[in-house]
Amino acid sequence: HELMTSDPAAARTFYGDVVGWTAQASPVPGMDYWMFKAGETPVCGLMKVPEEAKAQGARPMWVGYVGVDDVDAATEKTKKLGGMVYRPPADIPDVGRFSIIGDPQRAMLALFKFANPMPSDESPMGTPGRVGWNELYAVDWEKAFAFYSELFGWRKDQAMDVGETGTYQLFAHGDHAIGGMMNKPVQMPMPCWTYYFTVGNIDAAIERVKAGGGQIVNGPMEVPGGAWIAQALDPQGAMFALLGKRA
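Please read these numbers as outputs of a predicted model, since none were measured by experiment.

Participant: Would you mind showing me how to read the overall build of the protein chain here?
Facilitator: Within the protein chain, the regular secondary structure consists of 5 helices and 17 strands. For the protein chain, the C-alpha radius of gyration of 17 Å lies close to 18 Å, the compact-globule estimate for 247 residues. With the C-alpha coordinates aligned to their principal axes, the bounding extent of the protein chain is approximately 45 × 40 × 35 Å. Among the 247 residues that make up the protein chain, the fraction classed as buried is 44%. The contacts of the protein chain with a sequence gap of at least 6 include a subset with a gap of at least 24, amounting to 54%. By element, 53% of the accessible surface of the protein chain is carried by carbon and sulfur atoms, the whole surface being about 12,500 Å². Seen as two clouds, the 21 positive and the 28 negative side-chain charges of the protein chain have centres 3 Å apart.

Participant: Explain unusual backbone geometry here, please?
Facilitator: Note: most peptide bonds trans; most residues except glycine with negative phi. At the junction of glycine 219 and proline 220, the peptide bond is cis and its omega measures out at 5° in the coordinates. At aspartate 94, a residue that is not glycine, the phi angle is positive and equals roughly 65°. The residue aspartate 94 is located in the loop between strand E7 (84-92) and strand E8 (96-102) in this model. Despite not being glycine, arginine 106 has its phi angle at roughly 85°, a positive value. Tracing the chain through its elements places arginine 106 in the loop between E8 and strand E9 (108-114).

Participant: How should the pattern of salt bridges be read in this particular structure?
Facilitator: Pairing between side chains becomes possible if they bear opposite charge and their charged atoms approach one another. For the coordinates displayed, the defined rule picks out 7 salt bridges. For lysine 79, the salt bridge is made with glutamate 76, and the minimal N-O distance between the two is 3.0 Å. Residue lysine 79 and its partner glutamate 76 are located together in helix H3 (residues 71-80), separated by 3 residues, close to a single helical turn. With relative accessibility at 44%, the residue lysine 79 sits in the partly exposed group. Between arginine 246 and aspartate 203 there is a salt bridge whose closest N-O contact spans 2.9 Å. Of this pair, arginine 246 sits in the segment after strand E17 (239-245) while aspartate 203 sits in helix H5 (residues 202-211), and the two are 43 residues apart along the sequence. By relative accessible area, aspartate 203 is classed as partly exposed at 28%. Three or more residues joined by partner-sharing salt bridges are found here, namely Asp72, Asp91 and Arg97.

Participant: What's the story with the pairing of strand E11 (residues 155-161) in this structure? I'm lost.
Facilitator: Side-chain positions along a regular strand alternate between the two faces of the sheet. Bridge count for E11 against strand E12 (residues 167-173) is 5 bridges, and the pairing is antiparallel. The residue bridging lysine 156 from the neighbouring strand is phenylalanine 171, located in E12. The hairpin turn running from E11 into E12, its antiparallel successor, is 5 residues long, and glycine 163 in that turn takes a positive phi close to 75°.

Participant: What's the story with the packing of aromatic side chains in this structure? I'm lost.
Facilitator: Both the distance between ring centres and the angle between the ring planes are used here to describe each pair of aromatic rings. If you walk through the whole model with that rule in mind, you get 24 aromatic pairs. Pairing tryptophan 21 with phenylalanine 197 gives two aromatic rings, centres 5.0 Å apart and planes at 70°, and the pair type is edge-to-face. Separated by 176 residues along the polypeptide, tryptophan 21 in the loop between helix H1 (8-19) and strand E2 (22-25) and phenylalanine 197 in strand E14 (residues 192-201) bring together distant segments of the chain. Taken as a pair, tryptophan 21 and phenylalanine 197 share a single burial class, namely buried. Members of the aromatic cluster, joined through ring pairs, are Phe14, Tyr15, Trp21, Phe36, Trp62, Phe197 and Phe240. Directly above the aromatic system of tryptophan 34 lies the positively charged group of arginine 12, at a separation of 3.8 Å from the ring centroid. Lying across the ring of tryptophan 228, arginine 246 places its NZ or CZ 4.1 Å from the centre.

Conventions adopted
- Residues numbered from 1 in each chain as written.
- Predicted model: local features only at pLDDT ≥ 70, side-chain atom pairs only at ≥ 80, totals over all residues.
- Heavy atoms only, no water.
- Helix = DSSP H or I, 4+ residues; strand = E, 2+ residues; numbered from the N terminus.
- Rg over C-alpha atoms; globule rule 2.2 N^0.38 Å.
- Buried < 20%, exposed > 50% of the residue type's maximum accessible area, 1.4 Å probe, protein only.
- Contact = heavy atoms within 4.5 Å.
- Areas by Shrake-Rupley, 256 points an atom, 1.4 Å probe, with all protein chains shown as cover.
- Lys, Arg positive; Asp, Glu negative; His and termini not counted.
- Charge placed at Lys NZ, Arg CZ, Asp CG, Glu CD.
- Salt bridge = Lys/Arg side-chain N within 4 Å of Asp/Glu carboxyl O.
- Pairing = 2+ DSSP bridges.
- Phe/Tyr/Trp six-rings, centres within 6.5 Å; stacked < 30°, edge-to-face > 60°.
- Lys NZ or Arg CZ within 6 Å of the ring centre and 35° of its normal.

Pasting the structure below:
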């Protein structure tokens, strides 16, 4: 997961206070790049919104990266399945190869393959400081799931009735559910992915969001399993969410 923002220095302070991350410079040719770390483990990237992306209307946002065996082949398959390519495959020297795609309903994701094998983080998704959930708000979640299932091999997990919004469908990779998808609320302008960061105490984290100049747009709200969530905007306008317990 990676944050593209208008003010990386302010973002380092904000997310450090809210989630408990530290930030470490991670040199990438041609850009000022940072890694957010939980303890000694890198968990997310941080960079300024590229000028070419800004010229196309890009705003501060979190982007999710999905690992694939072949970025070029997965990018071509995206197009065959009705998706779009926002940025064609390109190399990051000594790091990996990536592309930026959109599903057929225009929700954006990135595809990635490391140049060299990287150690995986074996921490459970509920570990504080880690990304705890990946959520898609779609125009039609069933069509969206068909696309992602074909592209990545994701499979359906549990499904829940969430009232007027309809069904909330969990999706899994391997043996574990890694996220959910549902139809977006009418007031949401376009489909998008939202990423949840795990914190210890949701109420304390909400207060840190407010104190840091962010805004809570929804929550706190209880979800199955006894956890609580809140959706927020950081001071630069990037949407994110928090997942945690209540004291």
